[in-house]
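Report on the structure
Each chain, written out:
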Amino acid sequence: MAIRLNHCVIPVSVKLGAPARVSARSSLPFSVGDWRGVSTFSGARRLVLAKVKQRVECPDEDGVPIDDDDQLVDEEIVHFEERDFSGTARVPVYVMLPLGVIDVNSQVVEPEELLDQLRTLKSVNVDGVMVDCWWGIVEAHTPQLYNWSGYKKLFQMIRELGLKIQVVMSFHECGGNVGDDVHIQIPEWVREVGQSNPDIYFTDRAGRRNTECLTWGIDKQRVLRGRTALEVYFDYMRSFRVEFDEFFEDKIIPEIEVGLGPCGELRYPSYPAQFGWKYPGIGEFQCYDKYLMKSLKEAAEVRGHSFWGRGPDNTETYNSTPHGTGFFRDGGDYDSYYGRFFLNWYSRVLIDHGDRVLAMANLAFEGTCIAAKLSGIHWWYKTASHAAELTAGFYNSSNRDGYGPIAAMFKKHDAALNFTCVELRTLDQHEDFPEALADPEGLVWQVLNAAWDASIPVASENALPCYDREGYNKILENAKPLTDPDGRHLSCFTYLRLNPTLMESQNFKEFERFVKRMHGEAVPDLGLAPGTQETNPE
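Below is a short write-up of the structure. (Residues numbered from 1 in each chain as written. Predicted model: local features only at pLDDT ≥ 70, side-chain atom pairs only at ≥ 80, totals over all residues. Heavy atoms only, no water.)

This brings us to the pairing of strand E11 (residues 369–374). Side chains on a regular strand alternate between the two faces of the sheet. Among the 6 residues in E11, 5 count as buried, and that is most of the element. Sheet analysis places strand E10 (residues 255–258) next to E11, joined by 3 bridges and oriented parallel. In the strand pairing of E11, Glu255 is matched with Cys369. Pairing geometry for E11 and strand E12 (residues 416–419), over 4 bridges, is parallel. Opposite Ala372, over in E12, you have Leu417 as the bridge partner. (Buried < 20%, exposed > 50% of the residue type's maximum accessible area, 1.4 Å probe, protein only. Helix = DSSP H or I, 4+ residues; strand = E, 2+ residues; numbered from the N terminus. Pairing = 2+ DSSP bridges.)

Below, the structure is given as structure tokens:
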């Protein structure tokens, strides 16, 4: 931008607006930051104003700019408070590849363009990439007939560049969630089973079936062409381990992340957009398939109150608020004798599922590090009931720690915990959705400390696309807490996700700077606004 005065063009610094903010589960009709290709920086405290001389370009009579040494103007260089991470612990940085990098025919999509992008990532010392291995592609048509051909080609490309691979065993459907730009269903033969037995899917109180993943009620039921869900997951994982043995032996694959539910996360599909959920709705319980209802009735009979063998009837709908329900309101039924029984059972089903699948993963991968993802349900965190967490399976009401038992289960299997939403700021949520009473920073603090107290590695990823310095600084603060007396830090960070916007010049410069700081390296522009360089005044 420039201002023309007396036939001279004087460059002028422009302060860009603060990044546009969106909820962690809202749609993204625009690039975060609201300025494509421009990295914005807001929210930091201004410290110093240093003036430097800037040369003025004055056009001659033909309009051609010429230098005039006698015409200099002052320009302000703005300094911000920014922590120096040089010399801190090195946190490896991975980048998620596009969801549709392998198509439904098990072919690498646009391999030449992908190769160029991978080379660019390697040039800034990214440690590796994360790849989803979709169950719906590999075991698409026939039980135990696996097609790994596309992934073999992709992994070879990555290995030749010297990058490592975090692999995700993705047992869920892709499509319909925030950030999903492709549609990959669960295997065709599983969907055929579902046509005759729809209770293999999670079901809400109205009887709507969610085909995104299988209900945990069939973990031990032989309803999948003679196999249980656990056996299906184990056979798939074991096939991968055998097929890619050389990548394990060469340490190209240092970690396997095991999908445990919708979006690959350990949670119930309690807030499905396909059923009309919108942020910050509380969601609904998902336990109404016949297998989970049988489990609930059996638990109620063991407790001696068979009439408790039902789901609550006063939770209202997906988009209700806690105070608009009899169950979740302050003093509501969630804290009654029945409510505590139901929530204990509901959350125990979640923990037991994770326990069983992670045990199978340790058997399949023979000593390779395993991990699983936990979702960051931060809305309604500042209410007594924590309603959105309860419907997702996290019994984390204000008088109870819902994440300690999950961390203990992870510890049992020496599994790392991967947590989302480390880039979100509570203040932003209060500005955009004050009614949601969200607290992502409080949630991150609770979950990280629950995991560290259990002595398990904690990894993380961003919940939304991030291109701005403010978001990166928030990630860095959580990755390497300044005040932690034990010097604890994230075991690694995975960036969501490789895309054309990230590769734009200014955005990628910010990303390169972020990688250096995660690695504990110094950066020359510490405390300066993006795009500025400090110059010695003349």
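So much for the structure itself; the text now carries on.
So, about the packing of aromatic side chains. Across all of its chains, the model carries 48 aromatic pairs by this definition. Measuring from ring centre to ring centre gives 5.3 Å for Trp148 and Phe240, while their planes differ by 65°; the resulting arrangement is edge-to-face. A residue pair is termed long-range when its members are at least 10 positions apart, and Trp148 in the loop between helix H2 (135–138) and helix H3 (149–160) and Phe240 in helix H5 (residues 229–243) qualify at 92 residues. The exposure classification of Trp148 matches that of Phe240, with both residues buried. Centroid distance Phe202 to Trp216: 5.1 Å. Interplanar angle 85°. Geometry classified as edge-to-face. Here the residue Phe202 occupies a position in strand E8 (residues 201–203), and Trp216 occupies one in the loop between strand E9 (209–214) and H5, the gap between them amounting to 14 residues. (Phe/Tyr/Trp six-rings, centres within 6.5 Å; stacked < 30°, edge-to-face > 60°.)

Here we come to the nonpolar core. Counting 151 residues, the largest nonpolar core has Tyr151, Phe155, Phe240 and Phe511 as the members making the most contacts within it. When residues in this core are grouped by element, the largest group, 14 residues, is from helix H8 (residues 337–365). Aside from chain neighbours lying at most four places away, what touches Phe155 is Val131, Cys133, Ile165, Val167, Phe240, Phe244, Phe247 and Ile253. (Core = buried A, V, L, I, M, F, W, Y, C linked by side-chain atoms within 4.5 Å. Contact = heavy atoms within 4.5 Å.)

Along the chain, Glu510 falls in helix H15 (residues 505–518). A distance of 2.5 Å separates polar atoms of two side chains, one belonging to Glu510 and the other to Arg469. (Polar contact = N/O pair within 3.5 Å; in protein donor to acceptor, adjacent residues only side chain to side chain.)

With that settled, the discussion passes to the sheet that holds E12. With parallel pairing, 8 strands are arranged side by side around a closed barrel as E5-E6-E7-E10-E11-E12-E13-E14. Direction aside, the axes of adjacent strands within the sheet are offset by 30° on average. Relative to strand E7 (residues 164–170), strand E6 (residues 128–134) runs parallel, the two being bridged by 7 bridges. Among the inter-strand pairings, Val131 is bridged to a residue of E7, identified as Val167. Most of the contacts of H15 go to strand E5 (residues 93–96), to which it runs at about 140°, and overall it touches E5 and strand E14 (492–495). (Axes fitted to C-alpha atoms, helices over the stretch in contact; angles between N-to-C directions.)

So, about the environment of Leu161. Mapped onto the elements of the fold, Leu161 is located in the loop between H3 and E7. Placed 43 residues apart in sequence, Leu161 and Leu118 show a C-alpha to C-alpha distance of 7.8 Å. What Leu161 contacts, discounting residues up to four positions off in sequence, is Leu115, Leu118, Arg119 and Lys122.

Quick look at the pattern of salt bridges now. Scanning the entire structure with this criterion turns up 32 salt bridges. Salt-bridge contacts for Asp116 lead to Arg119; the nearest nitrogen and oxygen are separated by 3.2 Å. A residue pair is termed a helical-turn pair when its members lie 3 or 4 positions apart in one helix, as Asp116 and Arg119 do in helix H1 (residues 111–123) at 3 residues. Judged by its relative accessible area of 45%, Asp116 is partly exposed. For the salt bridge of Asp484 with Arg488, the shortest nitrogen-to-oxygen distance reads 3.0 Å. Of the residues examined, Arg488 reaches a relative accessible area of 21% and is grouped as partly exposed. (Salt bridge = Lys/Arg side-chain N within 4 Å of Asp/Glu carboxyl O.)

Once that is clear, we can look at the pairing of E9. Across 3 bridges, the pairing between E8 and E9 is antiparallel. Note that in E9 the partner of Thr203 across the bridge is Arg209. Where E8 hands over to E9, the hairpin turn is made up of 5 residues, of which Gly207 adopts a positive phi near 90°.

Moving on, we come to the packing of helix H7 (residues 290–303) against H8. The description of two helices packed together rests on the angle between their axes and the distance between the axes. Contact pair H7 / H8: the axes reach a minimum separation of 11 Å and the direction vectors enclose 130°. In terms of orientation, H7 and H8 fall into the oblique class. Crossing geometry of H7 relative to H8 is assigned as right-handed. Residues Leu292, Ser295, Leu296, Ala299, Ala300 and Arg303 of H7 form the contact with H8, whose own contacting residues are Phe341, Phe342, Trp345 and Val349. Classifying every residue of the contact of H7 with H8 gives 8 nonpolar, 1 polar and 1 charged. (Parallel < 35°, antiparallel > 145°, perpendicular 65-115°, else oblique. Left-handed = near helix turned anticlockwise from the far one by under 90°. Nonpolar A, V, L, I, M, F, W, Y, C, P; charged D, E, K, R; others polar.)

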